[in-house]
Amino acid sequence: MANVCGLRTLKNEPVPLKSVEVQVDVQGHVASVSSTLQYENQESSPVEAVFIFPMESNATIYSFVARIGDVEIKAQVKEKEQAQEEYDDAVSSGQQAFLLEESDESSDVFRLSVGSLPPGQSASVTLSYVTELAVQADDALRFCLPAVLNPRYTPAGSKSLTAEGSGPQGESVPYTLSLGVHMYSPSTVQSVQSNCPLTPLEFLSQDNTEAKVSLSPGHKFDRDVELLLYYGQPHQPTAILEAGQPSAQAGSLMGDTVAMLSFYPEIPSIPSSQMTSKGEFIFVVDRSGSMDCPMNQSNYEQTRISSARDTLLLLLKSLPVGCYFNIYGFGSSFESYFPESVEYMQANMETAVQKVQSMQADMGGTEILQVLQNIYSKPCLPSHPRQLFVFTDGEVGNTKEVIDLVKRHALSHRCFTFGIGEGASSALVNGMAEGGSGHPQFITGAERLQPKVMQSLRFAMQPVVEDISVKWNIPADISVTPLSPLPNVLFQNQRAILYFQLTGQRSGNISGSVSLHHTLDKKAVENTLTLNMQPKEDSSMLIHRLGARKAILALEGERGDAGDKTGKERAVELSIQSGVSSSYTAFIAVNTENKQPIKGPLLRRNIQSMMFSPPRGRMMAFGGPGSGSLPTARLACSAPMPLARMVGAKRKCKASMPLAMDAAPMAPAPEQDTPETKDPLLELISLQKVDGSWDLQPSLASIFGRREEEVATALPGKPELLPVWATVLAVLWLHGHKMDFKDEWQFVAAKAVAWIKAQSGADLTGFVAAGNSFLGLQVELQDFGLKE
């Protein structure tokens, strides 16, 4: 089968990608990334190339340099419409030009237009960006270099966003990636893990605070590259003050000092047994066709929808007694399991479990806006805070409209999001969680969805942190301006990063402090950082760029229905001043040194590597330069880097394998009747009742490796205590055989132990001893949860 990727002509002749080089410098929890792609036009006529590529939504692009031959052109940030006009004018007159713009609808999709690339000429582009690294459930810092852009489904009647190309998703690409990572940590670097082969970690300092690692040679950029960095003290608070540019105007953002404060608020861990039993839990599951795709490119057996089914089962069994719940599925339309949220009782739970087990990815496109509007229209239940858990592969075109809706209801709803599979939109998953005072999670590679969901469930059931504020203890002549709103929620073991502009900063060795204040269970809590008020000088101005991006996002979020001209103008002004991209601006570079116009017909080609008919909606596309001004075809390109998840149609798939336009479809592999292997952990959890107990039945006994009669005969008490005996054995089995998965069953076990303690007439110490003997285990009473 033909392998279609990179720049190609209508005759399937490649404009080959010569190299992809990425260098990552990590300082603490901030990564600075420089990515370079080099192409060569092997056609006999000049071409215009269009690259559609992914970017982490939290990334801050601050530099874009184009090179054609020996000429280097540094792009400038300008208002988007002006940049598009300059690009069109340059290309129409035969000049070489480059345009880099963020999608109007999703901050994690960019388009790079390369105009008038002469025959036989090489061209390269280098993007530089900086991003914060997210903290994972196991305290790792996550860096992701996207390689997969899932098709973005746009609802019918909406403006399309990125329909200018599609690219390979299932096969390896014909070029390799060179990626090196240099780490500087305030504490020791312990290890680096990845879903891709790495070279051995090399330490560059005696105290192991500096290290480097690279992808192994020959890596094919056919999947998202994910790195997990483990530090010795991952929760160490930090404060960095970066000096302003000497050439910038005093009082401006780039001329003043900017402070980046990283807090790890001290929120105590609360035992599962003490978690709140109040709440309305609404689970919103993407059932569009793409959820039938595999979780990752290396494992085609587990699909996204099957992972969601298993996770929903675990969630249903982990909910607290006394809460309310409902489940929604959405695609081109939506449906709910119950007309209204129902009380968490045995009959309702059994109904939901039956429906979850038969849930399929059979609802067409991804129109998430409608289901959210329906949920938000229903009144909240008194004394039961509403919490949304949204599971999606993030393939929507109206991302910003969805996020705006979530933000408008953040005071009455919290929103926890889960991006499932490679290529989930970070803009959608992060934006909904941040706008809805929740927490985002991404599940890629061979990761299990369940532990991350359980962490979010714990967050949802912990006491609410309130009255968040920041207080400064610094010289009175220094004024402080926040660059973005303070967070309205804090979670245990999660970082809070804040940016501030300090005006009137003086030189000299001056100390100060800053404190993060909040209340928890009506108790005041304070976290304090000591400051050295002497700012550090850094020509890259990375802290300023990050702060500017936060401020721009806050201004973009101020858009009202009538349009906030002032907010937009301020965002454009700040974007141009800081050199940071935004949805209102674009990078433009024109080669003014080439005095001779490029002659010959400009070939603008449109090549798609696969075509699937999108259900009802249209694919996303950029409006912008050359949308009809030149009469020839456009050449579209999928460019892996942080560049290269090409856009195709929304599809249903069992295995995401591309079809070249001139290739015959592959015959499906013959299906084999292989028995389904059941996960004993999920099977045991599925048998638990709402109150936390288990009834003895053959399926439970088989998990223990015994017959039902054997289990009943070993009962160390009266026959009516058989459910207590079965429940004790189930909890012992979890402790004895599934301790590595404790994060997944902690709520299940907590409910079981609470139920056991409430039963009378049983010698619990004797039951545990008998259960240990029966199962061949040695679980202590304290570990079991029957002793404090």
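Residues numbered from 1 in each chain as written. Predicted model: local features only at pLDDT ≥ 70, side-chain atom pairs only at ≥ 80, totals over all residues. Heavy atoms only, no water.

Over its 15 residues, helix α8 (residues 542-556) extends 21 Å from the first C-alpha to the last, a length consistent with the 21 Å expected when each residue adds 1.5 Å. Among the 15 residues in α8, 12 count as buried, and that is most of the element. For α8, every residue scored as buried is listed here: Leu 542, Ile 543, His 544, Arg 545, Leu 546, Gly 547, Ala 548, Arg 549, Ala 551, Ile 552, Leu 555 and Glu 556. (Helix = DSSP H or I, 4+ residues; strand = E, 2+ residues; numbered from the N terminus. Expected span 1.5 Å × (residues − 1). Buried < 20%, exposed > 50% of the residue type's maximum accessible area, 1.4 Å probe, protein only.)

For sheets, the rule is that strands pair by backbone hydrogen bonds, running either parallel or antiparallel. If you walk across this open sheet you meet the three strands as β31-β34-β35, and the pairing is antiparallel. The sheet is open, and its two edges are formed by β31 (465-473) and β35 (523-532), each paired on a single side. Across the sheet, the mean angle separating the axes of adjacent strands is 15° when strand polarity is ignored. (Pairing = 2+ DSSP bridges. Axes fitted to C-alpha atoms, helices over the stretch in contact; angles between N-to-C directions.)

A few words on the pattern of salt bridges. When the charged atoms of two side chains with opposite charge come close together, those side chains can pair. Applying the stated criterion to the full structure yields 16 salt bridges. As a salt-bridge pair, Lys 550 and Glu 132 come within 3.9 Å of each other at their nearest N and O atoms. Of this pair, Lys 550 sits in helix α8 while Glu 132 sits in strand β11 (residues 122-132); the two residues are 418 residues apart in sequence, bridging distant segments of the chain. In this structure Glu 132 comes out as buried when scored by relative accessible area, which is 17%. Of the charged contacts in the structure, one is a salt bridge between Lys 689 and Asp 695, with a shortest N-O distance of 3.5 Å. Of the residues examined, Asp 695 reaches a relative accessible area of 33% and is grouped as partly exposed. Three or more residues are tied together by salt bridges with common partners; here these are Glu 102, Lys 400 and Arg 549. (Salt bridge = Lys/Arg side-chain N within 4 Å of Asp/Glu carboxyl O.)

Next up on the list: the confidence of the model for the protein. When pLDDT is averaged along the protein, the result is 80; 79% of the residues meet or exceed 70. In this model, residues 159-171 is a region of pLDDT below 50 whose contacts with residues beyond four sequence positions or in other chains number 83 contacts. (pLDDT = per-residue confidence, 0-100. Contact = heavy atoms within 4.5 Å.)

On the secondary structure map, Ser 57 appears in the loop between β5 (47-54) and β6 (60-68). Beyond its immediate sequence surroundings of up to four residues, Ser 57 is in contact with Ser 107, Asp 108, Ser 426, Ala 427, Asn 430 and Arg 549.

With that settled, consider the pairing of strand β10 (residues 109-117). Most of β10 is tucked away: nine of the nine residues are buried. Hairpin connection between strand β9 (residues 97-102) and β10: a loop of six residues separates the two successive antiparallel strands.

Counting buried positions along helix α6 (residues 426-435) gives nine out of 10 residues, so the element sits mostly inside the fold. Considered for burial, the residues of α6 that qualify are Ser 426, Ala 427, Leu 428, Val 429, Asn 430, Gly 431, Met 432, Ala 433 and Gly 435. On the buried face of α6, the contacting elements are α4 (368-377), β28 (386-392), α5 (399-408), β29 (413-420) and β30 (440-443). Taken from the residues just after α6, Ser 437 is the one with a positive phi, measuring 55°.

Our focus in this paragraph is unusual backbone geometry. Backbone geometry places Asn 208, a non-glycine residue, at a positive phi of 60°. Here Ser 437, not a glycine, exhibits a phi torsion of approximately 55°, which is positive. One can find Ser 437 in the loop between α6 and β30.

The next thing to look at is the packing of helix α2 (residues 304-318) against helix α14 (residues 742-757). Direction vectors running N to C along α2 and α14 enclose 30°, while the axes themselves pass 8 Å from each other. In terms of axis orientation, α2 runs roughly parallel to α14. Seen from above, α2 lies across α14 with left-handed handedness. Across the interface between the two elements, Leu 314, Lys 317 and Ser 318 of α2 pack against Glu 744, Phe 747, Val 748 and Lys 751 of α14. (Parallel < 35°, antiparallel > 145°, perpendicular 65-115°, else oblique. Left-handed = near helix turned anticlockwise from the far one by under 90°.)

With that settled, consider the packing of aromatic side chains. Counted according to the given criterion, the structure contains 13 aromatic pairs. Ring geometry for Phe 281 versus Phe 389: centroids 6.5 Å apart, planes at 50°, classification tilted. Of the two residues, Phe 281 sits in strand β22 (residues 280-286) while Phe 389 sits in strand β28, which places them 108 residues apart along the sequence. A relative accessible area of 1% places Phe 281 in the buried class. Here Phe 389 falls in the buried class, since its relative accessible area comes to 0%. Summarising the aromatic geometry, the rings of Trp 472 and Phe 500 are spaced 5.1 Å apart at their centres and angled 80° between planes, so their arrangement reads as edge-to-face. Residue Trp 472 is found in strand β31, and its partner Phe 500 is found in strand β33 (residues 496-503); the two are separated by 28 residues along the sequence. Classification of Trp 472 by relative accessible area gives partly exposed; the value is 22%. (Phe/Tyr/Trp six-rings, centres within 6.5 Å; stacked < 30°, edge-to-face > 60°.)

This part takes up the environment of Leu 483. Here Leu 483 is to be found in the loop between β32 (479-482) and β33. In this structure Leu 483 comes out as buried when scored by relative accessible area, which is 9%. Note: C-alpha distance between Leu 483 and Ala 554 (71 residues apart in sequence) is 8.3 Å.

Below, the discussion takes up the pairing of β22. Burial analysis of β22 places seven of its seven residues in the buried class, the great majority of the element. Alternating residues of β22 divide into Glu 280, Ile 282, Val 284 and Asp 286 and Phe 281, Phe 283 and Val 285, and every residue in both groups is buried. Pairing analysis gives six bridges linking β22 to β28, with the strands arranged parallel. Bridging from a neighbouring strand, Val 284 pairs with Val 390 of β28. Summarising the sheet, β22 and strand β25 (residues 324-330) pair through seven bridges and their orientation is parallel.

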